[in-house]
Amino acid sequence: MNVALISKWKWRILTEKEAVWRYGKVKVKVLIGDISVVGKKDSIWWRDLLISDNYENLNSNHFAGAIECTVWSGKDIPFWYACWTGSQTLMEAYPELYCFAGNHLAEVFCASIMLNGSWSWRLENMVEAGSRGESGSTGSSGEPEFTHQLSELILELLFELQQRQIAVRDSSDDAFSWRLEINGVFSVSSCYDRFKEKHFGPPLDNSTVLALSHLWKIKAPLKIFFFGRSFIINKLATRDLLVKKGILTDGNDSKCAFCLSEEESLRHLFVNCEVTKGIWRKVYGWVGVDTSLSREEFVNYFHNCLKIKCVKTRVIGAVMWLSTVWNIWLMRNSVIFESEKFSFLDCLSEIVFNAWR
């Protein structure tokens, strides 16, 4: 939903003519929507707005993919990243040309020239001169094969533009419409429907949904509540995930901060680590659910809590579980970021304190 609301700001930037942001190339940047258009002096708000649906991550299912652009001056429409020739961007429709673009951030206007009082396309301007004169094998015409292939693609694109009667016409502002609504006007609901699968991934399995439904019923501080949610859906920033994302590159950085022997994953940190196993043994004994749950089942508490018949005990178990995973995570962060030593007794004290305050 947050991305859909941010997209509403993007729509306003594209369509509100008298707004303070009408100056500069803000519309082009919004339609490109990539980190490459963020400047060093740009505010945090502007940076977050631009990369809220980063193009490389969302491919065609991004904000600009839902915008139909109508060319007039061509100065507000990025040549490669916007849908102005059809349902696809030119980067998607002509990836070979895109690879050899001289300026990936250029506007449509840059591909045209005024001749004899009218605008004409100069699509070859969008491809680097070096790639047009590449040496190598030659075709039947004696022209380098590689150059010949690019020339054919340029002619194909030119023919498409002529067939669709698309041309830079005058100095009027380019026009934009929202593809997902019949009236062409942006709506948060249609934008949310577009993004939800890409941002939230496939639907959760039934057991996870059931676990979350039990979590919702527990009264806890908001930050601990959302931490519990991240735990259940396996979205905590454990070191194995940071390695996969390329944030951590040194193999030693992926080791568990407690035992220093295994790679830190959510399952290792909270289930298999010999250090945290000791914590779970203590908490498991305090709660007194040994007749209903095994210690392994208690670690995945919200998946198994219905096995506890006593509602009061079930609530106590939920609170203790939340306090335990929260304080294990805080202790882990203190060891990593503040170089503190792990203290078994301190961790247990914090678990009890947070559970009952």
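The structure we're discussing is the one just above.
None of these values were measured; they are calculated from a predicted model.

(A) Region of interest: unusual backbone geometry. A positive phi is found at leucine 260, a non-glycine position, where the angle reads about 60 degrees. Positionally, leucine 260 belongs in the loop between helix 12 (239-244) and helix 13 (266-272). Even without glycine at this site, serine 339 takes up a positive phi of about 55 degrees. Take serine 339: it is sitting in the loop between helix 17 (311-337) and helix 18 (344-356).

(B) A look at the pattern of salt bridges. Tallying each qualifying case throughout the model produces 6 salt bridges. The salt bridge partner of lysine 277 is glutamate 274, with a shortest N-O separation of 3.3 Å. Of the two residues, lysine 277 and glutamate 274 are both situated in helix 14 (residues 274-287); the distance of 3 residues between them amounts to about one turn of the helix. For glutamate 274, a relative accessible area of 54% gives the class exposed.

(C) Main features of the environment of valine 168. Note that valine 168 resides in the loop between helix 8 (145-163) and strand 4 (175-178). Here the alpha-carbon distance between valine 168 and valine 108, two residues 60 residues apart in the chain, equals 8.1 Å. Every residue in contact with valine 168, bar those within four places of it in the chain, is listed here: Val71, Trp72, Ser73, Val108, Phe109, Ser112, Trp119 and Trp121.

(D) How the structure looks around the environment of asparagine 103. Along the chain, asparagine 103 turns up in the loop between helix 6 (95-99) and strand 2 (112-115). With relative accessibility at 41%, the residue asparagine 103 sits in the partly exposed group. Between the C-alpha atom of asparagine 103 and that of asparagine 125, which follows or precedes it by 22 residues, the distance is 9.6 Å. Polar side-chain contacts of asparagine 103 include one of 3.0 Å to the backbone nitrogen of leucine 105.

(E) Structural detail: the nonpolar core. Counting residues in each nonpolar core, the largest one holds 52 residues, and the members touching the most others are Phe63, Ile67, Phe79, Trp80, Trp84, Leu97 and Trp121. With 6 residues, the top contributor of residues to this core is helix 1 (residues 2-15). Those residues in contact with tryptophan 84 that sit more than four places away from it in its chain are Cys69, Val71, Ile77, Pro78, Phe79, Leu90, Val108, Trp121, Leu161 and Ile166. Listed in part, the 46 residues of the second largest apolar core include Val271, Ile279, Val287 and Trp321.

What counts, and where the lines are drawn
Residues numbered from 1 in each chain as written. Predicted model: local features only at pLDDT ≥ 70, side-chain atom pairs only at ≥ 80, totals over all residues. Heavy atoms only, no water. Helix = DSSP H or I, 4+ residues; strand = E, 2+ residues; numbered from the N terminus. Salt bridge = Lys/Arg side-chain N within 4 Å of Asp/Glu carboxyl O. Buried < 20%, exposed > 50% of the residue type's maximum accessible area, 1.4 Å probe, protein only. Contact = heavy atoms within 4.5 Å. Polar contact = N/O pair within 3.5 Å; in protein donor to acceptor, adjacent residues only side chain to side chain. Core = buried A, V, L, I, M, F, W, Y, C linked by side-chain atoms within 4.5 Å.

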